[in-house]
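# Breakdown of the fold
Residue strings, one per chain:
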Amino acid sequence: MSKDPLLQPYQLKHLTLKNRIMITSHEPAYPEDGMPKDRYRAYHETRAKAGVALTMTAGSAAVSRNSPPVFNNILAYKDEVVPWIKRLTDACHDHGCAVMIQLTHLGRRTHWNKGDWLPAVSSSHEREAAHRAFPKQVEDWDITRIVQDYADAAERMKEGGMDGIELQAYGHLMDQFWSPVTNTLGGPYGGSLENRMRFSMEVVDAVRDRVGDDFIVGIRFTADEDLEGGITETEGLEIARRLKATDKIDFLNVIRGHIDTDPGLTDVIPVQGMRNAPHLDFAGRVKKEIGLPTFHAAKIPDVATARHAIAEGLLDMVGMTRAHMADPQVVKKIAEKREDDIRPCVGATYCLDRIYQAGDALCIHNAATGRELTMPHEIPPADEKKKVVVVGAGPAGLEAARVASERGHDVTVFEAAPDAGGQIRLTAQSERRREMISIIDWRLQQCSNRGVTFHFNRFAESSDIESENPDTVIIATGGLPHTDVLGDGNDLVVSAWDIIAGDVKPGRRVLVYDDAGDHPALQAAEMIAASGAHVEIMTPDRSFAPDVMAMNLVPYMRALQDKDVRFTVTYRLKSVRRSGNQLAAVIGTDYSAHTEEREFDQIVVNHGTVPMDELYFELKPNSTNLGAVDQDALIFGRSQPQGANPNGAFALYRIGDAVAARNTHAAIYDALRIVKDI
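Not measured: the values here are computed from a predicted model.

What counts and what doesn't
- Residues numbered from 1 in each chain as written.
- Predicted model: local features only at pLDDT ≥ 70, side-chain atom pairs only at ≥ 80, totals over all residues.
- Heavy atoms only, no water.
- Helix = DSSP H or I, 4+ residues; strand = E, 2+ residues; numbered from the N terminus.
- Buried < 20%, exposed > 50% of the residue type's maximum accessible area, 1.4 Å probe, protein only.
- Polar contact = N/O pair within 3.5 Å; in protein donor to acceptor, adjacent residues only side chain to side chain.
- Contact = heavy atoms within 4.5 Å.
- Salt bridge = Lys/Arg side-chain N within 4 Å of Asp/Glu carboxyl O.
- Pairing = 2+ DSSP bridges.
- Axes fitted to C-alpha atoms, helices over the stretch in contact; angles between N-to-C directions.
- Parallel < 35°, antiparallel > 145°, perpendicular 65-115°, else oblique.
- Left-handed = near helix turned anticlockwise from the far one by under 90°.
- Nonpolar A, V, L, I, M, F, W, Y, C, P; charged D, E, K, R; others polar.
- Disulfide = S-S within 2.5 Å.
- Expected span 1.5 Å × (residues − 1).
- UniProt positions renumbered as here; feature names shortened; annotations may be inferred.
- Domains from an automatic or database assignment.
- Phe/Tyr/Trp six-rings, centres within 6.5 Å; stacked < 30°, edge-to-face > 60°.
- Lys NZ or Arg CZ within 6 Å of the ring centre and 35° of its normal.

## Observations concerning the side chain of Arg-156
Looking at the element boundaries, Arg-156 is found in helix H3 (residues 140–159). When its relative accessible area of 13% is taken as the criterion, Arg-156 is described as buried. Among the polar contacts listed, one links the side chain of Arg-156 to the backbone oxygen of Ala-76, at a separation of 2.9 Å. If near-sequence neighbours (up to four positions away) are discounted, Arg-156 is found in contact with Ala-76, Tyr-77, Lys-78, Asp-79, Val-81 and Val-82.

What follows is the structure, encoded as structure tokens:
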């Protein structure tokens, strides 16, 4: 038996969990028609097979029709969900993994123009800032129906073979009743804490009556809203005591904070650059005070922190949800004493930010997550060893080299710079985004373990590539900043990269013109503002930095808004000319013929990259496939066909920004789905 605290079993009521690591409830937005079908099952089964003790499915599975899903949630109010739940549960049970599901009514955390166009309901008419729907204040007959809906949904989950359920009470209807900020009801459901808890107690009673004592029922709840006028720690602990006193709640899953705004949500679920495990000690206090089995997750990305949480008795089960999106084999690698092999979660929160923009959850540097039906987490060996040459050691090139070396191929990488990393190494110079360098460091270590040969400070030419006698060549040369975007004056501007790299010092009055909407503009603006300069961030879009997305935008705003920074939307930089020792910016708009002119001493442009593709086009005539990619094979995870050029010497592919300006995930996905079959 292992002495590792994380690998010890835990007895939860009648259920024996084989270790102390769990995946907490989250909605990756993989349902089809509201059902957890094959993609959903494969996602959880992959993690179950790798050893996690408990996987908690379906963040916010909807119990009622007037709780329409805003994140493509599972529709737990439909009978047809049962067989799909059964398939998922059976698949995980086959690997000794317990399975539960989170049930909820979203209350005001949704919108009336979703689903059946029913009005949102809550314990007040006040809207939630994040979803902007003014709810109907709930009536008694609404409450009666919703309580029944909870019980019906719980029964469906038991029928589907689940080991238990988790009721959601942070930011949703249950704790909207609890919080003085969101409960303006009178009578039996408003006023005193006893009244504000009445709805939840009715739900707990109805659920327990329906599922019986041999089914686990827990609650994930905010024990401190950290919000003026909201639930305090003292009141949160009293709520927990009253839930325990019912003798109907089997575990607490502790949250601290509120999620009604993007900043609030980001403090509950911190992103990169924010402190790891910020609420762990608080959860430990709740466990000590209440004495119920206690779970918790909030940026616990590494094994050391998770082990500390269990060893010190702060938690009974530790949630490593984003960590398992980055690497589903966390538990397996711990058990095999391969912790250094764990692909690290870098806190980019690309997963959650995509969900909040109505996308599906994807890991920024594990392209197999959510694609388990077509992409491998474990790379199988090739039938035949080949010579693979990769040009470029950014995220795309390193992923190509990693995958090819895991296939057993002889891999050589050429890189013009003295170090690997490409744009990732540049972006990681920012204190806030330093964790991104782990994307590079992990791949370098994986390549080193498998004998990949690197040639740094080597600007590869076609003769260098051909002298290697390769079977396959992967061009991952990336791109260069695209600043040639103005009618006049392109030679007078600098790129966001110039500022971030320190190649150009910030001016004193600076315009940052962002026509790409990704991180570099805000990173540059933050560095310029920190120098004491005046900064105006301008975009022709109607919102700032859409590709940065909601949660990642929060730290930038906190760093910028207390400085001399102005934000301007819907204006386009058209041209630049010299005006004495200043630069005159001619500014227009897509909405009218209006123009104006303003002066700055520095203008920074962020407009993506243009591919460095010269080497690719030099090599193309000598390749067997003439650089062509079979798109159907690419999409459906099949190997690329043999090329038709009889004079070709090698297969040739290009990936990442060498094709077109995209993001880190796209570059890594390019590499994985091309190279996994070479």
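## A few points about the pattern of salt bridges
For side chains of opposite charge, pairing can occur when their charged atoms come near one another. According to the stated counting rule, one finds 54 salt bridges in the structure shown. Note that Glu-289 and Arg-241 form a salt bridge whose closest N and O atoms lie 2.8 Å from each other. Of this pair, Glu-289 sits in helix H9 (residues 280–290) while Arg-241 sits in helix H7 (residues 233–245), placing them 48 residues apart in sequence. The residue Asp-670 makes a salt bridge to Arg-662 at a minimum N-O spacing of 2.6 Å. Owing to a relative accessible area of 9%, Asp-670 belongs among the buried residues under this scheme.

## Comments concerning the sheet that holds strand S22 (residues 572–579)
One open sheet accounts for three strands, arranged S22-S23-S24; its pairing is antiparallel. Here the strands that pair on one side only, and so sit at the sheet edges, are S22 and strand S24 (595–600). Each strand of the sheet is rotated relative to its neighbour by a mean of 25°, with strand direction disregarded. For S22 and strand S23 (residues 582–588), the ladder comprises seven bridges, and the chain directions are antiparallel. Following the sheet pairing, Ser-575 is matched in S23 by Val-586.

## Remarks on the packing of helix H2 (residues 81–93) against H3
Relative to each other, H2 and H3 sit at 45°, their axes nearing to 8 Å. Taken together, the axes of H2 and H3 are oblique relative to one another. When the axes of H2 and H3 are compared, the crossing they make is right-handed. Across the interface between the two elements, Val-81, Val-82, Ile-85 and Lys-86 from H2 touch Arg-156, Met-157 and Glu-159 from H3. Looking at the contact of H2 with H3, its residues break down into four nonpolar, no polar and three charged.

## Here's the deal with the state of the cysteines
Evaluation of the coordinates by the stated rule reveals zero disulfides. Take Cys-92: it sits in no disulfide, and the sulfur closest to it among the cysteines is that of Cys-97, at 5.1 Å. Unpaired in terms of disulfides, Cys-363 finds its nearest cysteine sulfur in Cys-345, a separation of 6.8 Å.

## Some remarks on H7
Over its 13 residues, H7 runs 18 Å from end to end, which matches the ideal 18 Å to within 8%, given 1.5 Å per residue. Turning to H7, its buried residues are Glu-235, Gly-236, Leu-237, Ile-239, Ala-240 and Leu-243. Tucked inside the fold, the buried residues of H7 contact helix H4 (173–178), helix H5 (193–196), helix H6 (198–211), strand S9 (216–222), strand S10 (251–255) and H9.

## Let's talk about the UniProt feature "domain: FAD/NAD(P)-binding" (unreviewed entry) in the protein
Here, the residues flagged by UniProt with the feature "domain: FAD/NAD(P)-binding" (unreviewed entry) are residues 386–629. Span residues 386–629 is 29% helix and 28% strand, its end C-alpha atoms 19 Å apart.

## As for the sheet that holds strand S25 (residues 602–606)
Taken in spatial order, the five strands line up as S18-S25-S19-S20-S21 in an open sheet, and their pairing is parallel. Of all the strands in the sheet, the pair left with one neighbour each is strand S18 (494–495) and strand S21 (565–569). Alignment of strand S20 (residues 534–539) against S21, held across five bridges, turns out to be parallel. When the sheet's bridge partners are listed, Val-535 is paired in S21 with Val-565.

## Brief notes about the UniProt feature "domain: NADH:flavin oxidoreductase/NADH oxidase N-terminal" (unreviewed entry) in the protein
Taking the numbering used here, the UniProt-annotated feature "domain: NADH:flavin oxidoreductase/NADH oxidase N-terminal" (unreviewed entry) corresponds to residues 6–340. With 36% helix and 16% strand, residues 6–340 has its two end C-alpha atoms placed 16 Å apart.

## Quick word on the domain arrangement of the protein
Looking at the protein, the domain boundaries give domain 1 (5–338), domain 2 (387–480 + 612–676) and domain 3 (483–607). If you average the C-alpha positions of domain 1 and of domain 2, the two centres end up 41 Å apart.

## Some words on the packing of aromatic side chains
Within the structure shown, the criterion is met by 12 aromatic pairs. Judged by centre distance (5.1 Å) and plane angle (80°), the rings of Phe-71 and Tyr-356 are edge-to-face. Here the residue Phe-71 occupies a position in the loop between strand S4 (54–62) and H2, and Tyr-356 occupies one in the loop between helix H13 (350–355) and strand S13 (387–391), the gap between them amounting to 285 residues. Residue Phe-71 is classed as buried on the basis of its relative accessible area of 10%. Aromatic rings pair up to connect Tyr-150, Phe-177, Tyr-189 and Phe-199 into one cluster. Seen from the ring of Phe-282, Arg-256 lies directly overhead, with NZ or CZ sitting 4.6 Å from the centre. The side chain of Arg-371 reaches across the aromatic face of Tyr-669, ending 3.6 Å from its centre.

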